[in-house]
Amino acid sequence: MTIYLIEKFEYDIGLQGEKSKAVIIICLQYYSLKILTSFEVFTTCRCLRMDADMFEELLQKVTPLIQKQSTHLRQSIPAAERLSLTLRHLATGESQESLSLCFRIGQSTVSGIIKETMGTPDCAPITGTVEKFPFVIVGDEGFTLSDKLLIPYPKGLVTNRKDRRIFNYRLSRARRCSENAFGVIGARFQIYRSPMRYDPDDARDIVMATVCLHNCLRTSSVGRAMYTPANMLDLEDEIGGRVDYGDYREENASGLVGLHNQGGNRHADSALELRDRWCAYFNTVGQVPWQDKMIAI
């Protein structure tokens, strides 16, 4: 962070090259005030329930992707400020015009920074097997089965098929996780409190960026406790066979609306085959100890 303070200070004040220690001390004293008003790391972290260590870890990961090269004509905006600006926009829903005034950056530059910083990482292979599975969306019977969207087996196809009942349970369990995720995202990222004023492609990037941030904030025990306390989430009781609903349901994310029935009765052969592959995975290398008990309840 010290290196960033000096780089950001040089950008804001226009200092370059060797300066006297007295000037640096005076200017850093000025900067220590500015970091709380312009950069506002603490405000952003509080909005996201993100601690300083998590911000630093995230900054290290994205800096090679978002850092711009300085030229002899001007200093580039540091990666930490780019990340902070984007996080603040996602967390609070603050307008680009307001961010432009607060960060003292042109509004067109703010728009460009947000779009560039929201880039998503490459997909990772599934664990526990060398077989490659495509990433899929988890849905219910209201959707059509496809190569990109999994839905449960119909009731008529699970009779006397324990493997398919297990698949349906695991899919339902995964869907509960996604409902938790979008419920928490809608509660924590206030950009979802109202309809987005973005083109569809940009709105898609915003959703993907907030999902990645959600996963990042859930990786460490400290970040997880701050971002999603236990009472925030729907929790499954594997012993009692019930679900305790979380506090996120009390939040109003009016920017997220439900979908009408999108389903159909005819599915592509490749989609049916993919579902069978996932079914086999959940019943072999991807099984969990309690799944047999849960389908018997």
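The notes below deal with the structure included here.

Procedures and definitions
Residues numbered from 1 in each chain as written. Predicted model: local features only at pLDDT ≥ 70, side-chain atom pairs only at ≥ 80, totals over all residues. Heavy atoms only, no water. Helix = DSSP H or I, 4+ residues; strand = E, 2+ residues; numbered from the N terminus. Buried < 20%, exposed > 50% of the residue type's maximum accessible area, 1.4 Å probe, protein only. Contact = heavy atoms within 4.5 Å. Areas by Shrake-Rupley, 256 points an atom, 1.4 Å probe, with all protein chains shown as cover. Expected span 1.5 Å × (residues − 1). Arc of directions from axis to C-beta. Core = buried A, V, L, I, M, F, W, Y, C linked by side-chain atoms within 4.5 Å. Polar contact = N/O pair within 3.5 Å; in protein donor to acceptor, adjacent residues only side chain to side chain.

**Some details on the overall build of the chain**
Alright, step 1. On a plain count of helices and strands, the chain comes out with twelve helices and four strands.
Alright, step 2. Taking all 297 residues of the chain together, the buried fraction comes to 37%.
Alright, step 3. In the chain, once contacts between residues fewer than 6 apart in sequence are set aside, the share between residues at least 24 apart is 64%.
Alright, step 4. Accessible surface, the chain: about 17,600 Å² in total, of which carbon and sulfur atoms supply 55%.

**A few points about unusual backbone geometry**
Alright, step 1. Positive phi values are uncommon outside glycine, yet Arg-104 reaches one of about 55 degrees.
Alright, step 2. For Arg-104, a relative accessible area of 55% corresponds to the exposed category.
Alright, step 3. Located in the positive-phi region is Asn-160, a residue other than glycine, with phi close to 60 degrees.
Alright, step 4. Checked against the element boundaries, Asn-160 lands in the loop between β2 (149-150) and α8 (162-188).
Alright, step 5. Accessibility expressed as a relative area gives 74% for Asn-160, which makes it exposed.

**Some details on helix α9 (residues 200-217)**
Alright, step 1. Over its 18 residues, α9 runs 26 Å from end to end, which matches the ideal 26 Å to within 8%, given 1.5 Å per residue.
Alright, step 2. Listed as buried for α9 are Asp-202, Ala-203, Ile-206, Ala-209, Thr-210, Leu-213, His-214, Cys-216 and Leu-217. Buried residues of α9, viewed axially, fall in a sector of 160 degrees; they line one side. Exposed positions of α9 whose direction lies more than 90 degrees from the buried face are Pro-200, Asp-201 and Arg-204.

**Details of the nonpolar core**
Buried together is how nonpolar side chains tend to be arranged in soluble globular proteins.
Alright, step 1. Ranked by size, the top nonpolar core spans 36 residues in total, and within it Leu-58, Leu-83, Leu-85, Leu-90 and Phe-189 carry the most contacts.
Alright, step 2. Mapped onto this core, the elements with two or more residues apiece are α4 (52-66), α5 (79-92), α6 (96-103), α7 (107-117), α8 and α9.
Alright, step 3. Counting residues in each nonpolar core, the second largest holds 15 residues, with Ile-151, Tyr-153, Leu-274 and Phe-282 among its members.

**Description of the side chain of Arg-170**
Alright, step 1. Of note, Arg-170 is situated in helix α8.
Alright, step 2. A relative accessible area of 13% places Arg-170 in the buried class.
Alright, step 3. One polar contact links the side chain of Arg-170 to the main-chain carbonyl oxygen of Gly-286, over a distance of 2.9 Å.
Alright, step 4. In this structure the side chain of Arg-170 is engaged in a polar contact, spanning 3.0 Å, whose partner is the side chain of Gln-291.

**Things to note about the environment of Leu-213**
Alright, step 1. Inspection of the secondary structure puts Leu-213 in helix α9.
Alright, step 2. Taking the relative accessible area as the measure of exposure, Leu-213 reaches 9% and is therefore buried.
Alright, step 3. The spatial distance from the C-alpha of Leu-213 to the C-alpha of Met-118 is 9.8 Å, given a sequence separation of 95 residues.
Alright, step 4. With near-sequence residues (within four places) excluded, Leu-213 lies in contact with Leu-58, Leu-87, Leu-90 and Phe-189.

**Brief notes about the environment of Thr-117**
Alright, step 1. Turning to its location among the elements, Thr-117 is positioned in helix α7.
Alright, step 2. By relative accessible area, Thr-117 is classed as buried at 14%.
Alright, step 3. When neighbours within four sequence positions are excluded, Thr-117 is seen to be in contact with Ile-66, Arg-82, Leu-83 and Thr-86.
Alright, step 4. A polar side-chain atom of Thr-117 sits 3.4 Å from a polar atom in the side chain of Thr-86.
Alright, step 5. Here Ile-113 takes part through its backbone oxygen, which lies 2.7 Å from a polar atom of the side chain of Thr-117.

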